[in-house]
Amino acid sequence: MCGIVGYIGAKEKKEILLDGLQELEYRGYDSAGIAIIEGEKLSNFKAIGKLENLRHKTEAYHSEGFGISIGHTRWATHGKPTELNAHPHLGAYSYVVHNGIIENYQELKEELQADGVTFLSQTDTETIVHVFEKFNNQINNPFEAFEKTIEKLHGAYATLLITEAAPDTIFFAKNGSPMLIGFDGEDVYFASSDTPIIGKANEVYYLEDGEYGFVKEGKVFLFNAEGKKSFTKQALTADKVSAQKDGYRFFMEKEIYEQSYVMTETMMGRVHDDSILFDELDENFFDGISAIKICACGTSYHSALASAYLFERLAKVRCDVEIASEFRYKEPLLTKDTLFITISQSGETADTLEALKMAKRAGLRSLSICNVDNSSIVRESDAAILTRAGIEKGVASTKAFATQTMVLWMLALYVGQEKKTLASDILKTEVAAMLKTPKSLVVEEKLHAQLTRMSKRYLHGHGFFFIGRDIFFPLALEGALKLKEISYFHAEGYPAGEMKHGPIALADSTLFTIALMPKSMHYDKIKSNVEELSARDATILAISPEPFELADDFIQTKYDSHPMLEYFEMMVVTQLLALEISVRLGNDVDMPRNLAKSVTVE
Ligand code: F6R
C-alpha cells in the first residue's frame, strides 16, 4: 500500500510532492523519497519513517523553473524499511517509483547482475530502472527503452520513471495498481489516488491496465498493446471526502472493488511458485507446535472458521476456533503445544486482546494476523503477519476479511510446508490457484448491475438464510453478517446440511435463501439441501457456476475448479448484494446504526 506522486511543470516541485505524499501517507509510512530533475540539476532525498523526516531533510532545498519530479511513500514489502530500500530508486542516470509487485524481478535481477549491474536495494522496484538503462544504453531512445522495459515486467505495477536522458519527460505505466493523471493547463500531475491532486488539477484521466506512455510539454502520449490511443479527461472533484472515495458512492463499495488489488499486496513477497515465505516468522516458529487455537470476533471470527478447514485439510494440524468473548470466561484448558492465533482487523478489539493476554499467561506461543501495524494486538503477540488491506473505512468489513482469509490460507500452506505434512504437488496446485485470486475478485460491471436490479426483490420478507457447506459455511455466516449490519434485516448463516434439523420449519415464499453452491466442493450435497428448501416454497437465490433450475434468482459465477477461487468470487457477490439492498433501503452504508469500527470495550 504505497503511494505515488509526480509533477511536470514550472511550479515549486518539492512542496507539490510533499503535500501529495502527505495525503497518501496513511497508505505507508516506513519511508518516503522524492527525485527532481531541473535541466542539468538532479536532486534526490529519502528518509525513513514518517514524512516529516523527509520534510526536515529537504528544508533547505527549493526547486526553480521547469522540471520533472516524482515521489513515493513506502510500506515495506520487499526488503526492510531502510533508506536504501526507499523509493525513488536510482540507476546511473534515472529514477523510478513503483507500487505493486514485479513477479519476475528475481529473474531480471540475476540477468542484470550477470551483466555487472550492482543493486543497492533489496526491492523488486530497482530492477525497473536498471532494465530501462540497459535498453537505453543500447538504443539511446528513452521512450523505446521504457516501452521495452514494460514488456519485460510481469506482475502488478504503477510506475513513474524520470531520466537525465530525457529531462523534460515523465514516463508512466499502469497494470493492476491504480494511477491517474491530473491536468491544469500545461501542468501535469500523477498520483496513485486523486486526493493528492485535489485543488491542484481540475481534470483527470484514470489510467487503465496495460496503459503506458510519457508526458512532455504538457501533452500526454498514451499507448497500450494496440498502439497509440486517445483518451478523454474528466472533471476532478474539488471535494476531498468524495475524492477519498475515488468516485465510488461509499467507502464500502470502494473497498469491495479494491479487493482484487489489495490481495496482490497481501501475497507480495510471500507467495512463490512452489513455496510460501513469511519473513515475519523465524524458522523455528512452529517447532513443538501440534495444534492451533484461533480466537477472534465478528468477521474476523468467520475468516478463522474457514481457516480451520484449511489447517486440518492442508497442514494436517488440529485447529479449533473460538469467539474471543466466549473463550475469556470458559476457563479453557490450554497446552503449550498449541499455537494461539488472534485475528483482528483493527488490532484493538478488547475481547480478542484479553484472550491473547490469557493465552500468554498460560505460556502459549502467539501469532496475530492483523491489518494495523503497532496495534495493541500486534505488540502483544510473539509474531504478527500483517494483512496489508490498507485502511478500511466502511464499518462493515470487506477487504479486511478477504485479506485475513488469504493470509490464513497462506499460513495453512506454510505450516504444511514447514512440517512436511503437505505434498509438494498439492502445494503447487494451491499456489497456482492462489495466484489467480486477484482475478477472481475483480468486480465486473455486469455482475454489479445484475445485483443492483435483483436487490429490489429482497426488501421485505421475514428473513434470510445464507447456506453453504465446508468453507462455504463460514462464508455463509459472513454473508449473513454483512447483510444484517447494513440492511438491518434478520439474516442467518447456516451449514446447508443442518437446515433439515430445525430451521427448515421457517421455509415459505418470504424466507429468502442465499445458496452458495460451488462446483468444486460437495455440489451434489448442497444441491439436495437447496432442493429440500425449494420444495417448501422458500425463495432461492442460487450462486453457482452451474445453472440451477429451481433457483428463483441465479448468479452464475465463473470459477469452478478450486474451492478458494469459488469462495472469493462468491464473497464478492454476497458483499455487493448486501450493499445494494442497503442502498435501496436508504441506510447509511458506511456507518450503519449502532456499530463502530473498532470495538475497544468488552
Ligand atoms: C463486521 C465487523 C466486525 C469486526 C469485529 C472484530 O463487518 O467488522 O464484526 O470483525 O468487531 O473486529 P476486529 O477484526 O477489528 O478485531
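Our subject in this report is the structure included herewith. A quick note: this is a predicted structure, and the numbers were derived from the prediction, not measured.

### Here's the deal with the sheet that holds strand β26 (residues 539-544)
Piece 1. An order of β24-β23-β25-β26-β27 is seen for the five strands of this open sheet, with the pairing classed as parallel. Sheet topology places β24 (491-495) and β27 (553-556) at the edges, where each strand pairs with a single neighbour. The average undirected angle you get between the axes of adjacent strands in this sheet is 15 degrees.
Piece 2. In terms of strand pairing, strand β25 (residues 511-516) meets β26 through five bridges, oriented parallel. Counted as the bridge partner of Thr 513 is Ile 540 from β26.

### Some words on the packing of aromatic side chains
Piece 1. Throughout the structure, instances matching the rule amount to 27 aromatic pairs.
Piece 2. Geometrically, the ring pair formed by Phe 278 and Tyr 414 is edge-to-face, given 5.3 Å between the ring centres and 80 degrees between the ring planes. In this pair, Phe 278 is assigned in the loop between β17 (275-276) and β18 (291-296) and Tyr 414 in helix α12 (residues 399-418), connecting sequence segments 136 residues apart.
Piece 3. Its relative accessible area of 3% is what places Phe 278 among the buried residues.
Piece 4. Judged by its relative accessible area of 5%, Tyr 414 is buried.

### Here's the deal with the environment of Glu 569
Piece 1. With respect to the secondary-structure elements, Glu 569 resides in helix α17 (residues 563-585).
Piece 2. The spacing of Glu 569 and Val 442 is 127 residues in sequence and 8.3 Å in space, taken between C-alpha atoms.
Piece 3. For Glu 569, the contacting residues outside a window of four places in its chain are Ser 440, Thr 557, Lys 558 and Tyr 559.
Piece 4. Here Tyr 559 takes part through its backbone nitrogen, which lies 2.9 Å from a polar atom of the side chain of Glu 569.

### Some remarks on the sheet that holds strand β11 (residues 203-206)
Piece 1. Taking strand neighbours across the sheet as the criterion, the eight strands line up as β3-β2-β4-β1-β10-β9-β11-β15 in an open arrangement whose pairing is antiparallel. The sheet is open, and its two borders are formed by β3 (41-48) and β15 (234-235), each paired with just one other strand.
Piece 2. As defined by bridge partners, strand β1 (residues 3-9) adjoins strand β4 (residues 67-74) across seven bridges and the pair is classed as antiparallel. Residue pairing across strands places Gly 9 opposite Gly 67, the latter belonging to β4.

### Structural notes on the site of the ligand
Piece 1. Taken together, 15 residues lie near the ligand, and Ser 300, Ser 344, Gln 345, Ser 346 and Thr 349 sit nearest.
Piece 2. Backbone polar atom of Gln 345 to an oxygen atom of the ligand: 2.7 Å apart, as the coordinates give it.
Piece 3. A distance of 2.5 Å is found between an oxygen atom of the ligand and a side-chain nitrogen or oxygen belonging to Thr 349.
Piece 4. Protein burial of the ligand: of its 400 Å² of free accessible surface, 89% is covered by the chains.

Cut-offs and rules
The residue numbering used here restarts from 1 in each chain and proceeds along that chain's sequence as written. Given that this is a predicted model, residues contribute local features only at a pLDDT of at least 70 and side-chain atom pairs are listed and counted only at 80 or more, while totals for whole chains, interfaces and linings are drawn from all residues. Heavy atoms from the whole structure form the basis of all side-chain values; hydrogens and water molecules are not counted. Following DSSP output, two strands are said to pair if at least two bridges run between them. Helix and strand definitions here come from DSSP, where helices need a minimum of 4 consecutive H or I residues and strands a minimum of 2 consecutive E residues; each element is numbered from the N-terminal end. Fitting a line to C-alpha atoms yields each axis, with helices limited to the stretch in contact; the angle taken between N-to-C directions then spans 0 to 180 degrees. Stacked, edge-to-face and tilted are the three classes for Phe, Tyr and Trp ring pairs, Trp counted by its six-membered ring, which pair at centre distances within 6.5 Å; planes under 30 degrees apart are stacked, over 60 edge-to-face, the rest tilted. With a 1.4 Å probe rolled over the protein chains alone, any residue whose accessible area is under 20% of its type maximum counts as buried; one over 50% counts as exposed, and the rest are partly exposed. In this analysis, two residues are considered to be in contact whenever any of their non-hydrogen atoms come within 4.5 Å of each other. N or O atoms within 3.5 Å of each other form a polar contact, as long as, within protein, one can give a hydrogen and the other can take it, and as long as residues adjacent in sequence are counted only when both atoms are side-chain atoms. Note on definitions. A residue lies near a molecule or strand when any single heavy atom of the residue is within 4 Å of it. Areas reported here follow the Shrake-Rupley algorithm with a probe of radius 1.4 Å; residue values treat only the protein chains shown as occluding.

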